[in-house]
Amino acid sequence: MFQPQYLYNKYSALGLRIALLIVYLALSYSQLYFKTTLPLYVDAIFFLLFLDYKNILNLKNYYCVYAFLIFKLSSQFWFPNDYKLTFDGTLFVIAFLLGYEIKNALAVTHIPKKTADAVNYEKYTVTLELLIKIFVVLKIIYLIFLISQYGVSSFYSGQMLADKISNYGRKSVMDSILTIYTAFIDNFLLAIIVLYVKYISAQGKTPNYYYLILALLVMPLIILSRANFAFNLITLLAIYAYFSKSMVKVYTYLIPGLIILFAISAYIGFLRINSYQTEDIADVTSGDQFFTELTPIIAYNDVKENINVLHYQYGKTIFLPLILKPIPRGLWPEKPNNSGAMYMKEFNADSFAAGFAIPVMIFGDLFLNFGIYVTILLLLLFGVLIGKCNQIYTNKQYTNIDNYLILFVCFYSVLRNCLPEALISILLIFLSKKIIQIFILKVPIRNT
């Protein structure tokens, strides 16, 4: 039934949000006129107003928080008076939010219908729980192999992490085989988990969190995979929020979860730094390591300020590396570079050769290839896409929650790394999911 009052409220809310964006844009534009940056608390107030507190762990919030940390907070330390740089960040956020809010206002709530295949959901979940156990065993086999190469003491003191840095770009055939093996295990395990969440949700049940904790947290932790642990912990919290009926419980787990994330990430980072500093490489300092981890804003600024040196790439550092990504660099050392590698070779060749790289982020990647105006347009369209995806999560559309979670688990990579790195991860998990559905679960193709 047509509900004019509902539409009036909906579009009034959209108008209010757009007005808020215009006010923020006007305040930020004043930076260019007065040639000074806005106080950090002004940016913080607007960013807090933009967040969705009802669904705190969604992709919109993910984007806004990351953009704020990079362009507003991080830039205060590295470029405290660069008002042009912070204005870029404002444009990127406003473009994204404008696309997001328009899509959100126009979205129609879709309630999935039960299908004839619903009777098989329980059978699917039993099979998927078995697959989780099998792939955990495969991860354990990989762990045993690594420990056999280093010994327990050397492995857990961080020597393996240091060797991964030292051998970057100089991998042997065995290293390439291990890279393919771990990528296969990780992608299939994530595909299994998102399908498990989908079919459990279809039954109106909650997942067995012991399986999820074992696969998503325990295994990356004992293998010392800091990135996988961090992304998986945030994904696990998002899964919990999806099933939870109480936001109080979500926030109760969220805050300790983030504390654990930072503590463990810092500890694994300390192991890597401490072990790597024992290597006799004079050109690499602890500053390089923190430089790599904490300052992608520097890479973006360098790309922007030196575009006359790097030149616009018109997609060459996105599409070619994406197509060739499945080929390990150990098998083809000279394969085309992505935007981040191109930037590092031009401005930080020594650090890059030693295994350190500063990510140019999605913003630098798009700017290097298409310039500022096309970047703004693409981020607006990106906001539209995320607005559509978030409807899946907020409306609990179990039919597509698996696809949403694939994007969610890779979203930090989408924002921080070069696009080929993130897109190939999304594609491989998606293909793994399809293989599991069609060949293992025997789900009819029309329902995959």
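Further up the page is the structure itself.
My aim in this report is to walk through the structure given alongside it, one point at a time.

What counts, and where the lines are drawn
Residues numbered from 1 in each chain as written. Predicted model: local features only at pLDDT ≥ 70, side-chain atom pairs only at ≥ 80, totals over all residues. Heavy atoms only, no water. Helix = DSSP H or I, 4+ residues; strand = E, 2+ residues; numbered from the N terminus. Buried < 20%, exposed > 50% of the residue type's maximum accessible area, 1.4 Å probe, protein only. Contact = heavy atoms within 4.5 Å. Areas by Shrake-Rupley, 256 points an atom, 1.4 Å probe, with all protein chains shown as cover. Axes fitted to C-alpha atoms, helices over the stretch in contact; angles between N-to-C directions. Parallel < 35°, antiparallel > 145°, perpendicular 65-115°, else oblique. Nonpolar A, V, L, I, M, F, W, Y, C, P; charged D, E, K, R; others polar. Phe/Tyr/Trp six-rings, centres within 6.5 Å; stacked < 30°, edge-to-face > 60°. Lys NZ or Arg CZ within 6 Å of the ring centre and 35° of its normal. Core = buried A, V, L, I, M, F, W, Y, C linked by side-chain atoms within 4.5 Å. 1 Å grid on protein atoms, 1.4 Å probe; cavity = no way out; pocket = protein on both sides within 12 Å on 5 of 7 lines; lining within 4 Å. Points joined across faces, edges and corners; volume = space filled by probe spheres on them. Salt bridge = Lys/Arg side-chain N within 4 Å of Asp/Glu carboxyl O. Arc of directions from axis to C-beta. Expected span 1.5 Å × (residues − 1). Bend = angle between axes of the 7 residues up to and from the residue.

1. Describing the overall build of the protein
Working step 1: A count of helical and extended segments in the protein gives 21 helices and zero strands.
Working step 2: A total of 448 residues make up the protein; the buried ones form 50% of that total.
Working step 3: When contacts within the protein are restricted to residue pairs at least 6 apart in sequence, those whose partners lie at least 24 apart make up 76%.
Working step 4: Counting only carbon and sulfur atoms, one obtains 68% of the accessible surface of the protein, whose full area is about 21700 Å².

2. Remarks on the packing of helix 3 (residues 59-78) against helix 13 (residues 296-305)
Working step 1: Close contact between helix 3 and helix 13 brings their axes to 9 Å; oriented N to C, the two are set at 85°. It follows that helix 3 is roughly perpendicular to helix 13 by the angle criterion. Taking contact as the criterion, the partners of Tyr66, Ile70, Phe71, Ser74, Ser75 and Trp78 in helix 3 are, on helix 13, Pro296, Ile297, Ile298 and Tyr300.
Working step 2: Looking at side-chain class alone, the contact of helix 3 with helix 13 contains eight nonpolar, two polar and no charged residues.

3. Observations regarding the packing of aromatic side chains
Working step 1: One pass over the full model with this rule turns up 41 aromatic pairs.
Working step 2: Judged by centre distance (5.2 Å) and plane angle (80°), the rings of phenylalanine 71 and phenylalanine 363 are edge-to-face. Here the residue phenylalanine 71 occupies a position in helix 3, and phenylalanine 363 occupies one in helix 18 (residues 361-394), the gap between them amounting to 292 residues. Here phenylalanine 71 matches phenylalanine 363 in class, with each residue buried.
Working step 3: The lysine or arginine in question, lysine 396, covers the ring of tyrosine 242, its NZ or CZ lying 4.9 Å from the ring centre.

4. What to know about the nonpolar core
Working step 1: Residues Tyr63, Phe363 and Phe411 are the most contacted members of the largest nonpolar core, which totals 125 residues.
Working step 2: With 15 residues, helix 8 (residues 173-202) is the single largest residue contributor to this core.
Working step 3: In this structure phenylalanine 363 touches Tyr63, Tyr66, Phe71, Phe92, Tyr300, Thr375 and Leu379, once residues within four positions along its chain are discounted.

5. Section: empty space enclosed by the protein
Gaps left between atoms are located by rolling a probe of water-molecule size over the structure's atoms.
Working step 1: Per the stated rule, a full pass over the model turns up two cavities of 30 Å³ or more.
Working step 2: There is about 40 Å³ of room inside the largest cavity.
Working step 3: In terms of lining, the largest cavity is formed by Leu190, Ile193, Val194, Leu216, Thr235, Leu405 and Val409.
Working step 4: Of all the secondary-structure elements, those providing two or more residues to the lining of the largest cavity are helix 8 and helix 19 (401-409).
Working step 5: Approximately 30 Å³ is the volume attributed to the second largest cavity.
Working step 6: In terms of lining, the second largest cavity is formed by Lys139, Tyr142, Tyr181, Thr182, Ile185 and Asp186.
Working step 7: Counting only elements with at least two residues in the lining of the second largest cavity, the list comes to helix 5 (121-150) and helix 8.
Working step 8: Residue contributions to the lining of the second largest cavity peak at four residues, all from helix 8.

6. Some details on the pattern of salt bridges
Working step 1: Inspection of the entire model under this criterion finds seven salt bridges.
Working step 2: One salt bridge connects arginine 17 with glutamate 101, and the closest N-O pair in it is separated by 3.5 Å. Here the residue arginine 17 occupies a position in helix 1 (residues 4-34), and glutamate 101 occupies one in helix 4 (residues 83-106), the gap between them amounting to 84 residues.
Working step 3: Linking aspartate 402 and lysine 198 is a salt bridge whose minimum nitrogen-to-oxygen distance equals 3.5 Å. Separated by 204 residues along the polypeptide, aspartate 402 in helix 19 and lysine 198 in helix 8 bring together distant segments of the chain. Side by side, aspartate 402 and lysine 198 carry an identical accessibility label, which is buried.
Working step 4: Among the charged side chains, a salt-bridge network with shared partners connects Arg17, Lys60 and Glu101.

7. Section: helix 15 (residues 316-324)
Side chains of residues three or four places apart in an α-helix project in the same direction, reflecting 3.6 residues per turn.
Working step 1: Those residues of helix 15 that fall on the buried side of the exposure criterion are Thr317, Ile318, Pro321 and Leu324. Looking straight down helix 15, one finds that the buried residues subtend no more than 160° of arc, so they occupy a single side. Seen from the buried face of helix 15, the exposed residues on the opposite side, beyond 90 degrees, are Lys316 and Ile323.
Working step 2: On its buried face, helix 15 is in contact with helix 16 (339-347), helix 18 and helix 21 (419-440).

8. Regarding the side chain of aspartate 88
Working step 1: Topologically, aspartate 88 is positioned in helix 4.
Working step 2: When sequence neighbours within four positions are dropped, the list of residues in contact with aspartate 88 reads Tyr300, Lys304 and Ile372.

9. Remarks on helix 3
Working step 1: With 20 residues, helix 3 should cover 28 Å at 1.5 Å per step; its first-to-last C-alpha distance of 27 Å lies within 8% of that length.
Working step 2: Most pronounced at leucine 69, the bend in helix 3 amounts to some 30°.
Working step 3: Within helix 3, 14 of the 20 residues are buried, which leaves it mostly tucked inside the rest of the structure.

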